[in-house]
Amino acid sequence: MSPHASKPSRPVNINVQILAIMIFNFANYLTIGLPLAVLPGYVHDSLGFSAFWAGVAISMQYFATLISRPHAGRYADVLGPKKVVLIGLFGCLLSGVFYLVAVAFGASPAISLALLCVGRLVLGVGQSFAGTGSTLWGIGRVGSLHIGKVISWSGVVTYGAMAIGAPLGVWIVHLGGLASLSLCIIGIALAALLLAMTKPDVAKGTSTVIPFRQVLGKVLPYGLVLGLASTGFGVIATFITLFYAAKGWSGGAFALTLFSTAFVGMRLLFPNSINRFGGQRVAMVCFCFETLGLLLVWCAAAPLMALLGAMLTGAGFSLVFPALGVVAVKRLPQQNQGSALATYTAFMDLSLGITGPLAGILMTHAGVSSIYLASAFAVCLSAALVLRRVKKEKSWVTE
């Protein structure tokens, strides 16, 4: 990795060093969270397109992230993580520009939707570069021994930004429309970009890069489980506001906030649970909570029940990524763990990219509530896969 990886850091300073870099991932996800609760409604209500196209517009970001994620890891090895973060933040800035132009073409719905989709694509690339780059930048500063801590803090700032961004975006749009929100996104990305330029980079890796096929083979079992479990996040983040609207309730954005707050809270309350109990055991418990939360949203007869479901879904999904991620990343040599992390994360990107359009089709034919039942089934399937893997490992040990 870098010279910093071999230097011991005092425990008191580790979190400070990590957060000094994770602030850029916070800005990255703040630009994602701000429009998340308002864009589906804008596409569906203001532009007049169906729920399917609302899902497509949101999911364009995830597909772009999926495609660009492996490249982000590879470029971080070649160029250094700082430059990758700068590229990512510039992509976040451009997304705000495209949103702003889309508003100007609001009288032409097809053009406006196309511009929004381009903005989502650019944001997806920005997300993968800024997110992957900041994580590798953080690992480079504190050393690979603290990779689990870096991943956990990355999730905290990610969903902390989502918790703040969703209701803040609704409030900004209420005051000044989507144009004002676009300008806020541009300003946040620009400020983060200028600050990142002042931070020192870490040394680039010099080891031979393992072929992607080999990395994929090592990470695949855990990536598939992550992908199935990520559908819970996908249906909450993309469609909870439409779910509330269909029920005639208000407070859909607050459900996103509760989801993200529960996610962050679990990371902060149980920072050592993975090391203490093992990643796969922690994941199994998480799947139970996530499934229960999704079922509560599915059968919600009142807003409070849906809010509780969103909160349980966020709490359950919280530790899935680091619990299985630490196991997946450590299956490869230390010098190639950046590629492993990027590949593992790509499964969540793939899941979110598929979830939007499929959920849009399902809710068109079976109602908006059906997507939460389908997601609960997917999470149960992920639990079954982990349980099967645990049983195989036990049989290998006994042999």
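Note that this is a predicted model, so its numbers are computed, not measured.

Here is what the cut-offs are and how they apply
- Residues numbered from 1 in each chain as written.
- Predicted model: local features only at pLDDT ≥ 70, side-chain atom pairs only at ≥ 80, totals over all residues.
- Heavy atoms only, no water.
- Core = buried A, V, L, I, M, F, W, Y, C linked by side-chain atoms within 4.5 Å.
- Buried < 20%, exposed > 50% of the residue type's maximum accessible area, 1.4 Å probe, protein only.
- Helix = DSSP H or I, 4+ residues; strand = E, 2+ residues; numbered from the N terminus.
- Contact = heavy atoms within 4.5 Å.
- Axes fitted to C-alpha atoms, helices over the stretch in contact; angles between N-to-C directions.
- Parallel < 35°, antiparallel > 145°, perpendicular 65-115°, else oblique.
- Left-handed = near helix turned anticlockwise from the far one by under 90°.
- Nonpolar A, V, L, I, M, F, W, Y, C, P; charged D, E, K, R; others polar.
- Phe/Tyr/Trp six-rings, centres within 6.5 Å; stacked < 30°, edge-to-face > 60°.

(A) View of the nonpolar core. Among the nonpolar cores identified, the biggest contains 121 residues, and Tyr159, Ile240, Phe243, Phe287, Phe317 and Tyr372 are the most heavily contacted of them. When residues in this core are grouped by element, the largest group, 18 residues, is from helix α7 (residues 147-197). Residues contacting Phe243, with those up to four places away along its chain left out, are Trp249, Val297, Ala300, Ala306, Val368, Ser369 and Tyr372.

(B) Spotlight on the packing of α7 against helix α10 (residues 252-269). It is the contact of α7 with α10, at a shortest axis distance of 8 Å, that shows an interaxial angle of 160°. What the angle tells us is that α7 and α10 run roughly antiparallel. Two packed elements cross with a definite hand, and for α7 against α10 that hand is left-handed. Judged by residue contacts, Ile151, Ser152, Trp153, Gly155, Val156, Tyr159, Gly160, Met162, Ala163, Ala166, Pro167 and Val170 of α7 engage Ala253, Leu256, Thr257, Phe259, Ser260, Thr261, Phe263, Val264, Arg267 and Leu268 from α10. Looking at side-chain class alone, the contact of α7 with α10 contains 15 nonpolar, six polar and one charged residues.

(C) Representation of the packing of aromatic side chains within the structure. According to the stated counting rule, one finds 11 aromatic pairs in the structure shown. Ring geometry for Phe233 versus Phe259: centroids 5.7 Å apart, planes at 20°, classification stacked. With Phe233 in helix α9 (residues 231-247) and Phe259 in helix α10, this residue pair connects regions lying 26 residues apart in the sequence. Take Phe233: its relative accessible area is 6%, and that puts it in the buried class. Centre to centre, the rings of Phe243 and Tyr244 are 6.1 Å apart; their planes meet at 70°, and the pair counts as edge-to-face. Taken as a pair, Phe243 and Tyr244 share a single burial class, namely buried. Three or more aromatic residues joined by ring pairs make a cluster, and in this case those are Phe233, Phe259, Phe263 and Phe317.

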